[in-house]
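# Observations on the three-dimensional arrangement
These are the residues of each chain, in order.
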Amino acid sequence: MLPRWKRYSNRVVAAEVSATTRYYDRVVQWMRTPGDDGDVLEAIESPQKELAETSIPDCSNEESRRTAILLAGTINHHYDVEGLLRDMKPRLSRTSRVLVIAFNPYLQWLYWLALKLKLKAGVMPTTFVTLTDLDNICRLAGYERVRFRQFLYCPWRLLGLGSLINALMPAVPFLRYLSLASLTIVRPLIPQTGRRPSLSIVIPARNERGNIAPAVERILATGIGAEVIFVEGHSSDGTWEEIERVRTEYASRITIKAFRQDGRGKADAVRLGFSEASGDLLAILDADLTMPPELLPRFVAAWAEGNADFVNGSRIVYPMEGEAMRFLNRLGNVFFAKAVTWVLGVRLGDCLCGTKLVMRSDYERMCRWRRDFGDFDPFGDFELLFPAAILGLGIVDVPIRYRARTYGSTNIRRFRHGLMLLRMTIIGLFRVKLGKLP
Amino acid sequence: MRPRWKRCFYDVIAAEISAMTRHYDRIVQWMRVPGDEGYPLDAIDCPAKEFVEGSVADHPKEKIERTAILLSGTINHHDDIEGLLKELKSKLSRSSRVIIVAFNPYLQWLCWLALKWNLKTGLMPTTLITLTDVDHLCKLAEYERVRLRHAVYCPWRLLGIGSLINAIMPAIPLLRHLSLTSIIVIRLLFPSSDTPPTSSIIVAARNETGNIEPNVEPLLGAGVTNAKIVVLDADLTVLPELGPRFIDAWATGKADFINGSSIVSPMEGEAMGLLNRLGNVFFAKALTWVLGVRLGDSLCANKLLTRADSDRMKAWRNGFGDSSFSSPPRSSVSASSMCRFAIARASTGPRRSAASATVSCS
């Protein structure tokens, strides 16, 4: 029979892991430590759970399935962590992730005390790995760290007080390093080989009649061979008629699908477009063409080279629209980039760029995540970035030069939309940043 | 005639760059921005200096020597940095480093003010990139950032006060981000594989009769034979079997300086183990802060570097003075301050002997 504090601790560990694995296809625990009775794995949520005894299952052929290999405390009892990761790599695919649960190396004396005071049974771990160590080992073994969570500050529930501490501490600067354990998600660096994945480009358009034909023309000129999906939303300038005309005109050269949204807003348009897409990779292109379609091949290349499973546009050069506005806009962008970086624990240069690229299989996972989390984002940027971070996809920014629009006017209202973004960031702080509780 | 503040500004930048290029073979400035009168390059200390005009495509590939490619302000006036870095790639060798001098993106309004008040001539920079942007760009173009220095806080000498500010600010937490420019050094990842180099292994030994033979045997098996230098401890606290892993980390282009790191705690005498470990952690963190290079362990004796770089370190040491009597910190300092090396670490195995040589000597 497990002591109560241990049961509670295991539930906290499982809650942290489940936030990610709930949306994966399976969890495989590898190299269970001698003292592990399977309680953590049992409490983890995932469609399929296994315990690998002799070797990890071969995942190297998985293209859309996601398998999480769980190393719970394993590295603390292992003499050759680099070798362990190296040996695993040939059996992993680019969608596999390794979830490493490790003790806080700076609190090893607590562990030692707990053993002395007989609070805990088992043997003293031999290996204590700091984040610097882990990053270096990842680099040597060909992996990349994509997520890092610190959790479990108080292993007792204490009538809810312990739970409160466990929830709040991850957001407290400096003190957050006092966690007893950490969860690190690493991804193997594997470039795409073999089959070239197909691409669907979704273009949400509202009052963008003059940009429809140039968009198609310029996508054709890049030669990336994609399917284009226009989603029109309540335009008053004849955008829909123009889309239909362009679809007929270019029918022989490119597959164009066109839909009219019932709902409102860009997020709704993107969802409709993505649900109708048939490609393996899904990209969003803004119809105002401020992000030049010529750069779309860069997004595909960033994915194909294995830099990340989620590619995020980053606007670092802005069109001149009068110094004051430009300055305010830039401030807002920097603020939200920093805030979201902090909330998600993923370094982002820009979180409000419309252009993104994601695998369709991951988008379906993001939809499942959204059903659990609830609708909170009318713009559609955060509802992709949040799950991309939580799922440990690995995010890379592709810097783009932002061009001034040549047709129409912006649909953005700075201050009102700024407040909405602030609200969304705060939701992220409470629901993503804070510690997960059982 | 350039204004005095501008001279001071570029002198500080040149001094920062010289700290490393002094020990390089050559520095080449590429893609000079309009308005650059060749000043930072003039003041830089390096055995050979040149600047080249025209597009990147016209240049020959760099040879295997330490060449620094200087991009001074270039990225602040460029439309496509990812494309530029990718284009540069075909011209670089493993030992080339790209030195980027860029404005602080958060102080762009200062640049704008300086232009308004005619303190400064030229164009407003179009591209202002943050460190996050640089790191993402490096990832996309397969580079790695190996050094970052904040430079120039006060572009006036002010009878020495300005110089004092410029000297002290880089060590002040938070405020150090207020520098006018940053100097970023990046290296190419995944260099094309040359022929596998030969290795020499240096085993430092004192009173270690019984450990000499066991040290050599595993290495013979690994095909280690003479251009790289591996330092091993004769006390066998680090398994010689891991020697090949050091070489592999070098050969696959992970870094040009491979540093051992003991992460497995010694099991002998808990108290001593803990104290030792505390000391190790303290010095690892302190050196990480001083050098600006993330190190997990600064006191592990096992290292791997090329002979050419070892010779450069010797030259650096002559200039710096022999401040360290046990070799590890010294080589790390030179490695970092010359900025030639990215340091990757090979995790080392458990300590085998009951007490390590350092402990028994002291």
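Since we're looking at a predicted model, the values are computed, not measured.

Rules used in this analysis
- Residues numbered from 1 in each chain as written.
- Chains lettered and ligands numbered in written order.
- Predicted model: local features only at pLDDT ≥ 70, side-chain atom pairs only at ≥ 80, totals over all residues.
- Helix = DSSP H or I, 4+ residues; strand = E, 2+ residues; numbered from the N terminus.
- Buried ≥ 20, exposed ≤ 12 C-beta atoms within 10 Å, placed from the backbone.
- Contact = placed C-beta atoms within 7 Å.
- Nonpolar A, V, L, I, M, F, W, Y, C, P; charged D, E, K, R; others polar.
- Axes fitted to C-alpha atoms, helices over the stretch in contact; angles between N-to-C directions.
- Parallel < 35°, antiparallel > 145°, perpendicular 65-115°, else oblique.
- Left-handed = near helix turned anticlockwise from the far one by under 90°.
- Pairing = 2+ DSSP bridges.

Attention shifts here to the overall build of chain B. Within chain B, the secondary structure is distributed over twelve helices and eleven strands. Burial status across chain B gives 42% buried among its 362 residues.

Moving on, we come to the interface of chain A and chain B. Opposite the 29 residues of chain A that make contact, chain B presents 29 residues. Of all the secondary structure elements, the ones that give two or more residues to the side of chain A that touches chain B are helix 3 (81–88), helix 5 (131–141), helix 10 (296–304), strand 11 (310–317) and strand 13 (395–401) of chain A. The element best represented in the side of chain A that touches chain B is helix 5 of chain A, accounting for six residues. Taken together, the residues that form the side of chain A that touches chain B break down as 13 nonpolar, eight polar and eight charged.

All names here are of chain B. In contact at an axis separation of 9 Å, helix 3 (residues 81–89) and helix 5 (residues 131–141) are set at 45° when each is read in the N-to-C sense. The angle between the axes of helix 3 and helix 5 places the two elements in the oblique class. In the crossing of helix 3 with helix 5, the sense of the turn from one axis to the other is right-handed. Across the interface between the two elements, Ile81, Glu82, Leu85, Lys86 and Lys89 of helix 3 pack against Leu137, Leu140 and Ala141 of helix 5. Class assignment for the residues of the contact of helix 3 with helix 5 results in five nonpolar, no polar and three charged.

What follows concerns the sheet that holds strand 2 (residues 49–52) of chain B. Residue and element names in this part refer to chain B. If you trace the six strands from one edge of the open sheet to the other, you get 2-1-3-4-6-5, paired in mixed fashion. On the outer flanks of this sheet lie strand 2 and strand 5 (143–151), each paired with one strand and no other. The average undirected angle you get between the axes of adjacent strands in this sheet is 25°. Looking at chain direction, strand 5 and strand 6 (residues 181–188) are connected through eight bridges and run antiparallel. Following the sheet pairing, His150 is matched in strand 6 by Ser182.

Further remarks concern the packing of helix 12 (residues 360–373) of chain A against helix 13 (residues 382–390) of chain A. Residue and element names in this part refer to chain A. For the pair helix 12 and helix 13, the least separation of the axes is 10 Å and the interaxial angle reads 100°. Accordingly, the angle class assigned to the pair helix 12 and helix 13 is roughly perpendicular. Within the contact between the two elements, helix 12 uses Arg365, Met366, Trp369 and Arg370 and helix 13 uses Glu383, Leu384, Pro387 and Ile390. Classifying every residue of the contact of helix 12 with helix 13 by side-chain character gives five nonpolar, no polar and three charged.

Below, the discussion takes up helix 10 of chain A. Within helix 10 of chain A, burial applies to Leu296, Arg298, Phe299, Val300, Ala302 and Trp303 of chain A. Within two residues after helix 10 of chain A, Gly306 of chain A carries a phi angle of roughly 80°, on the positive side.

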